[in-house]
Amino acid sequence: MAKIGKTFTIDIDIYIWLEQHAKDMNRKVSFIVNQALREIKRSIETWKCSVCGMHNNKENKSCFLLTDGVFCEGVAPKT
């Protein structure tokens, strides 16, 4: 996977928190930002089954987790 540089503007209080959080986690700021963006992307592209807790693609109308030979009966929320 390729990495690219991108410049963006954030508030100073967010910048200060981000720098401190990265230092506390012993990670680079870019890692923290990339991780946060990945989590947001995942939450936008998936829904969580209220029955089994599995994350499903938005295109799936029901949860397809197979447990003990039986499919979960979770249903995607209406949007």
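Since the structure is predicted, the reported quantities are computational estimates derived from the model, not experimental observations.

How each quantity is defined
Residues numbered from 1 in each chain as written. Predicted model: local features only at pLDDT ≥ 70, side-chain atom pairs only at ≥ 80, totals over all residues. Heavy atoms only, no water. Phe/Tyr/Trp six-rings, centres within 6.5 Å; stacked < 30°, edge-to-face > 60°. Lys NZ or Arg CZ within 6 Å of the ring centre and 35° of its normal. Buried < 20%, exposed > 50% of the residue type's maximum accessible area, 1.4 Å probe, protein only. Helix = DSSP H or I, 4+ residues; strand = E, 2+ residues; numbered from the N terminus. Contact = heavy atoms within 4.5 Å. Polar contact = N/O pair within 3.5 Å; in protein donor to acceptor, adjacent residues only side chain to side chain.

1. Topic: the packing of aromatic side chains
- One pass over the structure, following the stated rule, counts 0 aromatic pairs.
- Just above the ring of phenylalanine 31 sits the side chain of arginine 27; from NZ or CZ to the centre is 4.3 Å.

2. Some points on unusual backbone geometry
- Phi is positive for asparagine 26, close to 55 degrees, though the residue is something other than glycine.
- Judged by its relative accessible area of 70%, asparagine 26 is exposed.

3. Concerning the side chain of asparagine 56
- Its location among the elements puts asparagine 56 in strand E2 (residues 55-57).
- What asparagine 56 contacts, discounting residues up to four positions off in sequence, is Glu45, Thr46, Trp47, Cys49, Cys63 and Phe64.

4. As for the side chain of threonine 46
- Summarising the element assignment, threonine 46 is placed in strand E1 (residues 46-48).
- Note on threonine 46: relative accessible area 17%, which makes it buried.
- Within the structure, threonine 46 has its side chain in polar contact with the backbone oxygen of arginine 42 (distance 2.6 Å).
- If near-sequence neighbours (up to four positions away) are discounted, threonine 46 is found in contact with His55, Asn56 and Lys58.

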